[in-house]
Amino acid sequence: MDRIRLLLLVDYVLVRESLSRQLRLEPDFEIAAECGTAAEGLEALSGSPVDVVLLDYDAVGAQAAEFISTARKAGHQGRVLVLASEKDTAGLFLPIRAGASGVFRKHSSLDSLPRAIRQVAAGEAWVDLEVLQHLARPAVERESRNLHSLLTPRERQVVEGVVEGLTNKAIAGQLGVSEGAAKAVLREIFRKMGVRRRSQLVRAALTGSSQ
């Protein structure tokens, strides 16, 4: 079994220790490091390979995007999963744009966190639907010229479904087509947008530009 090495960047010691104890119960998880500040996190990344950083937005705040960018420039190849509270929603656009693979809401069940970590480690996105809707709203209101010039109306409908977290089957139901037809449209969108995964498509849609 491949082990997923985690870095916990959480400022409150009691929360960090509790989270660490819980995650150590998972047979495929390994806690590579625990820290409370962005500087400590960057230092930990330089000394040990990490697959997923659990980045507490409360610990770094507006520095989240800078942390991710700095880590990437320093050679970090792993993923970043942002832990965010309800009040953090408005500020999550920048870390996602900087390369965060997902957002896990702190009011969510702790039982679902291991699934979120595994999904992010596998290269997929994990973003709470409420966060997606909030972040996507400005992009929809802007009616990005780039996306509109690249995609047909049906393709834009499929993108909206992906951003909302819908499965291919659900998207097909909304469009009134077969699941195979929806997959074909999605493949064409991937080609046009220059992406290979749904997580990359979500990020492209939220930033209003192709990759």
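Rules of the game
All residue numbers refer to position in the chain's written sequence, counted from 1. It should be noted that, the model being predicted, local features are given only for residues of pLDDT at least 70 and side-chain atom pairs only at 80 or more, the latter also being counted only at that level, while totals for whole chains, interfaces and linings use all residues. Side-chain metrics rest on all non-hydrogen atoms present in the structure, leaving aside hydrogens and water. Only strands joined by at least two bridges in the DSSP assignment are considered to pair. Only DSSP runs of H or I reaching four residues or more are called helices, and only runs of E reaching two or more are called strands; each is numbered from the N terminus. Contact definition: two residues touch when any of their heavy atoms are within 4.5 Å. All axes are obtained by fitting lines to C-alpha atoms, using only the stretch in contact for helices, and the reported angles, taken between N-to-C directions, cover 0 to 180 degrees. Note that the term roughly parallel is reserved for angles under 35 degrees, roughly antiparallel for angles over 145, roughly perpendicular for angles of 65 to 115, and oblique for everything else. Burial here depends on accessible area, computed with a 1.4 Å probe over protein chains only, as a share of the maximum for the residue type. Under 20% is buried, over 50% is exposed, and the range in between is partly exposed. Of all possible arcs, the one meant is that of the directions from the helix axis to the C-beta atoms. Expected helix span is computed as 1.5 Å times (number of residues minus one).

Peer 1: An account of the sheet that holds strand β1 (residues 4-9) is needed here, citing residue identities and associated values.
Peer 2: Ordered by their spatial adjacency, 6 strands build an open sheet running β2-β1-β3-β4-β5-β6, and the pairing between neighbours is parallel. Each edge of the open sheet carries a strand with a single partner, namely β2 (29-35) and β6 (126-127). As paired strands, strand β5 (residues 102-105) and β6 are joined by 2 bridges and run parallel to one another. By the bridge assignment, Gly-102 is partnered in β6 with Trp-126. With respect to the sheet, helix α6 (residues 113-121) is in contact with β1, β2, β3 (52-56), β4 (79-84), β5 and β6, its orientation differing from that of β4 by roughly 150 degrees.

Peer 1: Give me the side chain of Ser-85: which residues, what numbers.
Peer 2: Looking at the element boundaries, Ser-85 is found in the loop between β4 and α5 (93-98). Residues in contact with Ser-85, not counting those within four places in the same chain, are Asp-58, Arg-105 and Lys-106.

Peer 1: Quick rundown of the packing of helix α10 (residues 168-175) against helix α11 (residues 179-193)? Include the residues and the values.
Peer 2: Relative orientation of the contacting elements α10 and α11 amounts to 100 degrees, with a least axis distance of 8 Å. Comparing the axis directions of α10 and α11 gives the class roughly perpendicular. Residues Asn-168, Lys-169 and Ala-172 of α10 pack against Glu-179, Ala-182, Lys-183 and Leu-186 of α11.

Peer 1: If you had to explain α6 to someone new, which residues and values would you point to?
Peer 2: For α6, the full list of buried residues reads Leu-113, Pro-114, Ala-116, Ile-117 and Val-120. Angularly, the buried residues of α6 cover 160 degrees about the axis, an arc narrow enough to put them on a single face. Where α6 terminates, the next one or two residues include Gly-123, which has phi positive at roughly 95 degrees.

Peer 1: Could you give an account of helix α1 (residues 13-24), naming the residues involved and the relevant values?
Peer 2: Between its terminal C-alpha atoms α1 stretches 16 Å, which fits the 16 Å expected from 12 residues at 1.5 Å a residue. Taken together, the buried positions of α1 are occupied by Arg-16, Leu-19, Ser-20 and Leu-23. One face of α1 carries all of its buried residues, which in axial projection span an arc of 100 degrees. Residues of α1 that are exposed and angled more than 90 degrees away from the buried face: Leu-14 and Arg-21. Elements that come into contact with the buried residues of α1 comprise β1, β2, β3, β4 and α6.

Honestly, it's all geometry; don't read function into it.
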